[in-house]
Amino acid sequence: LSSLPLQILLYVNGVYYIFYFLATLAMIIYKSQVFSYPDDFLAPDLAVLFLMAFLEVPRLYLGFKGNLTEAEAPLGLSLGLTAGSVVLCVYLLLWQTYVLRADVLLNAVLLSAYGLESALKVTAIAAFVS
Amino acid sequence: ICRGDSQLCRQKAAVYSLDVEANPPERIFKLIDQVNPSIFCIHATNYKQALYLKSPEIPTPENFDRLLDKFGGATFSAEPDSWNLDMDAQNPSDANETYRYEYGAPVQTEDAFLRLPSPVVSSWCSDANPAGFLVNQATKCIRSVSVEKCDSIQALSMLFYINSSILASVFQVNITVQSIVVQSLNGMRTLLSRSDVLRLPMVLDGLCINAVLGVNYHITHTDTGEIIEAAAAFVLGAISKEALSIEQSFEISFTQKNTQPVPLSGNPGYVVGLPVRAGSRPQGYPFPAGFLFAALALSSNKHSQLTILQSTSTQDCLAAQGARAPVLFGYNMISGCKLRITAAMKCQPLAQTLLDVLKGQSFPEYVASFGNSQAQDVLDWVPITQLHISEQMMSITLQSSCQIPVSLGIEVKWAKYGSLVNPQARIVNVTATITTTTLKQLPSGKERIIPITSSVVFTDISSPAEPAYKAWPTINIKLPFDFFYPFV
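Residues numbered from 1 in each chain as written. Chains lettered and ligands numbered in written order. Predicted model: local features only at pLDDT ≥ 70, side-chain atom pairs only at ≥ 80, totals over all residues. Heavy atoms only, no water.

Considerations on the overall build of chain B
Stage number 1. The secondary structure content of chain B amounts to 4 helices and 24 strands.
Stage number 2. In chain B, buried positions account for 35% of the 488 residues.
Stage number 3. Sequence separation of 24 or more characterises 66% of the internal contacts of chain B that already satisfy a separation of 6 or more.
Stage number 4. On chain B, roughly 31000 Å² of surface is accessible, and the fraction owed to carbon and sulfur atoms is 56%. (Helix = DSSP H or I, 4+ residues; strand = E, 2+ residues; numbered from the N terminus. Buried < 20%, exposed > 50% of the residue type's maximum accessible area, 1.4 Å probe, protein only. Contact = heavy atoms within 4.5 Å. Areas by Shrake-Rupley, 256 points an atom, 1.4 Å probe, with all protein chains shown as cover.)

Given below as C-alpha cells:
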C-alpha cells in the first residue's frame, strides 16, 4: 500500500522548495549588493543553489512515482538523490559566504523535511519489498 | 555604547554608564552581548575579509617602482591607461573612418593628444592637458628653465608644438606655422617677415634665444566636426642667465570654415550678458537674394552690434563724441543726455542731429535671432520695426510745427525655444520707437533744457511650456482563434 504521509510530505516539499529557491536567490542578490561579495565567492554559492534545484525535480518525480506505483527502485533512487540534496543544503547552511538568520531558518526547515522524508521512504521501501 | 559591525546577529558591546549615586560618581564598564533582531542579520561568514577594510600595500624594494609610477605624481587617475602610450592598441579600422570630433572631445594627434600646457595643481606647467574640440582656452603657466640646458628642454622649442600632426578626416593635418613674433628682453615685439624657417633655441652671449614664450593655435573645422586646418602663431623670446623660470601663455581657438570668426553671443540661444548681434543689408543687394553683412570681424566692431547712446559725464547731447554702449542681451538699459535749446537753433538740422545722437551712425536693420546666426542664413535674422510716435495728439498742428525726436525706445521681445530642460533664448521681434515732440519757438535770449532718453527693454514672450507626455501603452490582447476549442 502506498504511504500516505510520504505522499503528503513530498507534495508539501515540492511547494516549499519553490519558495525556498526564490527566497535564497533573492537573498543572494541582496547580499551581493549590500556586502562585498567578490565574484569568486559568489559563483560557488550560486552553483550550489542551481545544482540543488536541478536535483530536486527528478528527486520529487521519482519519489511520487515510486510511492504511487509501489515500486522500490524509483524510491531507492530518490533516496540517493535526497542524500545529495542534504549535502548541498548543509553547505548552504554552514559554508556559504554570508549566512543570514533567514538562511539558517530556511535551511533548517528544509533539512528537517529531508530527514523526515528519508525515514518515510525507508519504511515504504521496507513495506514494498516484503 | 561601543560596538562593531551592526549587521551581525550577535556581537559584543561595551556599555559605559555613570553611577551618580555613589560618591564620587564612578564610571561603570559592562560587556554585554547585543542581539540584532533583524531577520537579515549576518549569522556567520566564511569570508574573512568581508568585515575588515583592505590594508594598503606596504612598499617593499620590489614593488616600490611600480607604486611610485602609479601614485607618485601630483594627481593620479583611476584609469591611467586611457591616455598616452598605448596607441597601437587602438583598432586600426578607425583610420578609414572620418574622424569626427564632438564638443569637448580631446583633439587627437598621431602619438597622443594636442597638448595645451596649463597649470594643474600649482602654477607650474603640466604638459598633459589635452585641448578640447571647440573649447576656446587661454592658459598661462610657469616653467622652470636654465640657460645652460636651454636647447635640451623640449618645451622651449618650436618643434615640440608643431611636431605631431592632428588626426582628422581620412588624412592627417599638419600644424603649420602661421607667424613668429620675436620678443626682446625689454619686451618689444617684432613680427618676422618669414615664418617658414624653424627657429630652435640656442645659447648666444649668455642668453637663450628663440625660446617659446607663447603659442596661439588656430584650428579650422567644418560644420560636421572635421578638422581641416591647424596653424600656430609663436612668440619667441630670450631668457637671461639669472632667470630660473619663465611664464608661457597658450591659447587655442576654433573657427568654422568659410565663416568669419565672429565671437558668438550664444550657441544657439542668446546668453544673458553677451551683445545682441545685428547688421544691415548693404546697398545694391536685392531681397531675398541673400545677405552679406559688412565688417563682422571683431567683437568691438560697432557695425555688428546693436548699440544705444552712452551717457557721458557732461550730459550734453551735442557735445557727445558719439560714445555708444552695446546692447547686452537680457539687460534693460536706459541712458540719456540733456539738450540745451536756444532761440537760434533751426528745427530741421536739430532734428537730424538728435536722430543721429539717438540712433548712432549706423543703426542696423536686422538683428540675429539666435546667438550663432550666420550671415548667410536669411531666415535667422529679424528685421527691426521702426515706429514713430508723436507726443502731442493734435493732428492739425503736426505738419506745420517742428518735430524733434526726444526718445528712442528699443523693445526686444524674446522667447524660450527648444526643450524644457535646456531652453534657448531666441529674439522674436525688435521694435524701435522714436517719440517726437513739437518744438515751440522760443523768444530770443531764452534757453530751454529738454531731456533726451534712450532705453532698451527685453520682454519674455515665451508661451507657457506644455510638457509632452508619452502615450499610454496600448494593451493588445488577442486570443488565438482556436482558444475555445472544442466549444466553439
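Read on, since the account is not over.
What about the nonpolar core?
All names here are of chain B.
Stage number 1. Counting residues in each nonpolar core, the largest one holds 42 residues, and the members touching the most others are Val276, Leu306, Val367, Ile404 and Ile410.
Stage number 2. Breaking this core down by element, the ones donating at least two residues are strand S17 (307–309), strand S19 (333–342), helix H3 (347–359), strand S20 (366–368), strand S21 (381–390), strand S22 (402–418), strand S23 (423–439) and strand S24 (447–460).
Stage number 3. Per element, the largest residue contribution to this core is 7 residues, and it comes from S22.
Stage number 4. Leaving out residues up to four positions away in the same chain, Ile404 has contacts with Ile341, Cys347, Leu350, Ala351, Leu354, Thr435, Thr436, Thr437, Leu439 and Ile450. (Core = buried A, V, L, I, M, F, W, Y, C linked by side-chain atoms within 4.5 Å.)

Re the environment of Gln310(B)
Residues and elements named next belong to chain B.
Stage number 1. Along the polypeptide, Gln310 turns up in the loop between S17 and strand S18 (324–326).
Stage number 2. The exposure class of Gln310 is partly exposed, given its relative accessible area of 37%.
Stage number 3. Sequence separation between Gln310 and Leu358 is 48 residues, and the spatial gap between their C-alpha atoms is 9.6 Å.
Stage number 4. Setting aside chain neighbours within four positions, we find Gln310 in contact with Ala323, Arg324, Ala325 and Ser335.

Re the interface of chain B and chain A
Stage number 1. Listed per partner, the contact involves 16 residues of chain B and 18 residues of chain A.
Stage number 2. Here chain B and chain A share an interface that buries about 1300 Å² over both sides, 61% of which is from carbon and sulfur atoms.
Stage number 3. Ranked by residues supplied to the side of chain B that touches chain A, first place goes to strand S4 (residues 42–45) of chain B with 4 residues.
Stage number 4. When grouped by side-chain class, the residues that make up the side of chain B that touches chain A number 10 nonpolar, 6 polar and no charged.
Stage number 5. In the sheet, strand S1 (residues 98–100) of chain A pairs with S4(B) via 3 bridges, with the strands oriented antiparallel. Residue pairing in the sheet places Leu100(A) in a bridge with Ile42(B) of S4(B). (Buried area = accessible area lost by both parts, 1.4 Å probe. Nonpolar A, V, L, I, M, F, W, Y, C, P; charged D, E, K, R; others polar. Pairing = 2+ DSSP bridges.)

Section: the pairing of strand S10 (residues 175–183) of chain B
Residue and element names in this part refer to chain B.
Stage number 1. For S10 and strand S14 (residues 227–239), the ladder comprises 8 bridges, and the chain directions are parallel. Bridge pairing links Gln183 to Gly237 in S14.
Stage number 2. The sheet contact formed by S10 and strand S11 (residues 189–191) spans 3 bridges and is antiparallel. Paired with Val182 across the two strands is Thr190, which belongs to S11.
Stage number 3. The loop that links S10 with its antiparallel partner S11 comprises 5 residues; one of these, Gly187, has a positive phi angle of about 95°.

A few points about the state of the cysteines
Residue and element names in this part refer to chain B.
Stage number 1. Within this structure, the stated rule accounts for 3 disulfides over all chains.
Stage number 2. Two residues share a disulfide in this structure: Cys125 and Cys141, whose sulfurs sit 2.0 Å from each other. Judged by the sign of its S-S torsion, about 90°, the cystine formed by Cys125 and Cys141 is right-handed. Within this pair, whereas Cys125 is found in strand S6 (residues 125–126), its partner Cys141 is found in strand S7 (residues 137–144), the two being separated by 16 residues in sequence. One exposure class covers both Cys125 and Cys141, and it is buried. (Disulfide = S-S within 2.5 Å.)

Description of helix H2 (residues 39–69) of chain A
Stage number 1. When the terminal C-alpha atoms of H2(A) are compared, their 45 Å separation across 31 residues agrees well with the 45 Å that a helix rising 1.5 Å per residue should span.
Stage number 2. Two residues or fewer after H2(A) comes Glu70(A), characterised by a positive phi angle close to 55°. (Expected span 1.5 Å × (residues − 1).)

Observations regarding the UniProt feature "transmembrane region" (unreviewed entry) in chain A
Residue and element names in this part refer to chain A.
Stage number 1. In this structure's numbering, the residues bearing the UniProt feature "transmembrane region" (unreviewed entry) are residues 6–30, 42–61, 73–94 and 106–129.
Stage number 2. As annotated, residues 73–94 comprises 100% helix and 0% strand, and the C-alpha atoms at either end are separated by 32 Å.
Stage number 3. The span residues 106–129 shows a helical share of 100% and a strand share of 0%, and its end C-alpha atoms are spaced 34 Å apart. (UniProt positions renumbered as here; feature names shortened; annotations may be inferred.)

Describing the sheet that holds S22(B)
Residue and element names in this part refer to chain B.
Stage number 1. Pairing is mixed in the open sheet, where 7 strands are placed in the order S16-S20-S21-S23-S22-S24-S19. The open sheet is flanked by strand S16 (278–279) and S19, the only strands paired with a single partner.
Stage number 2. In the packing of H3 onto the sheet, contacts are made with S19, S21, S22, S23 and S24, and the angle to S22 comes to roughly 25°. (Axes fitted to C-alpha atoms, helices over the stretch in contact; angles between N-to-C directions.)

Some details on the packing of helix H3 (residues 72–94) of chain A against helix H4 (residues 101–129) of chain A
All names here are of chain A.
Stage number 1. Where H3 contacts H4, the axes come no closer than 10 Å and their chain directions differ by 160°. In terms of orientation, H3 lies roughly antiparallel with respect to H4. Remark: the crossing between H3 and H4 carries left-handed chirality.
Stage number 2. Here the residues of the contact of H3 with H4 are counted per class, giving 16 nonpolar, 6 polar and 3 charged. (Parallel < 35°, antiparallel > 145°, perpendicular 65-115°, else oblique. Left-handed = near helix turned anticlockwise from the far one by under 90°.)

Focus on the pattern of salt bridges
Stage number 1. Across all of its chains, the model carries 7 salt bridges over all chains by this definition.
Stage number 2. One connected set of salt bridges, linked through shared partners, spans Glu56(A), Arg59(A), Glu117(A) and Lys121(A). (Salt bridge = Lys/Arg side-chain N within 4 Å of Asp/Glu carboxyl O.)

A short note on unusual backbone geometry
Stage number 1. Look at Glu70(A): it is not a glycine, yet its phi comes out positive at around 55°.
Stage number 2. As for its placement among the helices and strands, Glu70(A) is situated in the loop between H2 and H3.
Stage number 3. Residue Glu70(A) is classed as partly exposed on the basis of its relative accessible area, which comes to 36%.
Stage number 4. Even without a glycine there, the phi angle at Asn210(B) is positive, about 65°.
Stage number 5. Looking at the secondary structure, you find Asn210(B) in strand S13 (residues 207–221).

What to know about the packing of helix H1 (residues 4–34) of chain A against H2(A)
A packed helix pair is summarised by two numbers, namely the angle formed by the two axes and the spacing between the axes.
Residue and element names in this part refer to chain A.
Stage number 1. Packing of H1 against H2 leaves a shortest axis separation of 10 Å and a crossing angle of 170°. Relative to H2, H1 is oriented roughly antiparallel.
Stage number 2. Considered class by class, the residues forming the contact of H1 with H2 number 17 nonpolar, 7 polar and 3 charged.

Structural notes on the pairing of S22(B)
All names here are of chain B.
Stage number 1. With respect to burial, S22 is a largely interior element, 12 of its 17 residues being buried.
Stage number 2. Judged from the 16 bridges that link them, S22 and S23 form a sheet pairing that is antiparallel. In the strand pairing of S23, Ser407 is matched with Thr435.
Stage number 3. Between the antiparallel neighbours S22 and S23 lie 4 residues.
Stage number 4. Pairing geometry for S22 and S24, over 8 bridges, is parallel. The partner of Gly409 across the bridge, within S24, is Ser455.

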